[in-house]
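Listed here are the chains, written in short residue letters.
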Amino acid sequence: MTSSSAPSRKALSKIASNRLQKELAEWQLNPPSGFKHKVTDNLQRWVIEVNGAAGTLYANETYQLQVDFPEHYPMEAPQVIFVPPAPLHPHIYSNGHICLDILYDSWSPAMTVSSICISILSMLSSSTVKQRPADNDRYVKNCRSGRSPKETRWWFHDDKQACIAFTFQIASGDRVWASESSHLFHSYRGRV
């Protein structure tokens, strides 16, 4: 994705910078299996190569994750997206947005980039079908102009690893829409 899709970024706090330097050093010594950090001089944005696990629908496929760290990482979750072309998966939109609870409501400062990567690889590996979410076209259309996935209100439940998104806070001039499939329901708020 382009830099326009990145959240507005302030410089990293000292705590965030120290934490990321520590995570990067640990990554270089012991990277999670199936992942490769593409070295850049930007500590606030990591690009990570993802290799599909053997024996899964994504075996021998390679994708890229873009991880943008907020000023107050790890107290605030990073924004994690697939750089298009994103894998075909019921929880991954064609614009790279990922419906995974640990990236939003279930984030904990104890999590690391490595734990995020392992969770994403696990999500990919457990898929039994290669397809986009049922509401992909509508969601992507409403996310034009570089809207961050962190602006979507995602709610999750454990039934069939589905995710649910609701928007309860409706400001003046906003519209709420929803779509539903047998195991997936999303609603998004967008400007009229």
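Residues numbered from 1 in each chain as written. Predicted model: local features only at pLDDT ≥ 70, side-chain atom pairs only at ≥ 80, totals over all residues. Heavy atoms only, no water.

With respect to the UniProt feature "active site" (unreviewed entry) in the protein chain
Selection rule: UniProt positions are given in the numbering used here, feature names are shortened, and annotations may be inferred rather than shown by experiment. Helix and strand assignments come from DSSP, with helices taken as H or I runs of at least 4 residues and strands as E runs of at least 2, each series counted from the N terminus.
Here, the residues flagged by UniProt with the feature "active site" (unreviewed entry) are C99. Tracing the sequence through the fold places C99 in the loop between strand 4 (79-83) and helix 2 (113-126).

Observations regarding unusual backbone geometry
In the segment running from Y73 into P74, the intervening peptide bond is cis, with an omega of 5°. Looking at where P74 falls in the secondary structure, it is placed in the loop between strand 3 (62-68) and strand 4. Cis geometry marks the peptide bond from P84 to P85; its omega dihedral reads 10°. Within the fold, P85 resides in the loop between strand 4 and helix 2. Of note in the backbone geometry, N60 takes a positive phi value of approximately 65° without being a glycine. If you trace the backbone, N60 turns up in the loop between strand 2 (45-51) and strand 3.

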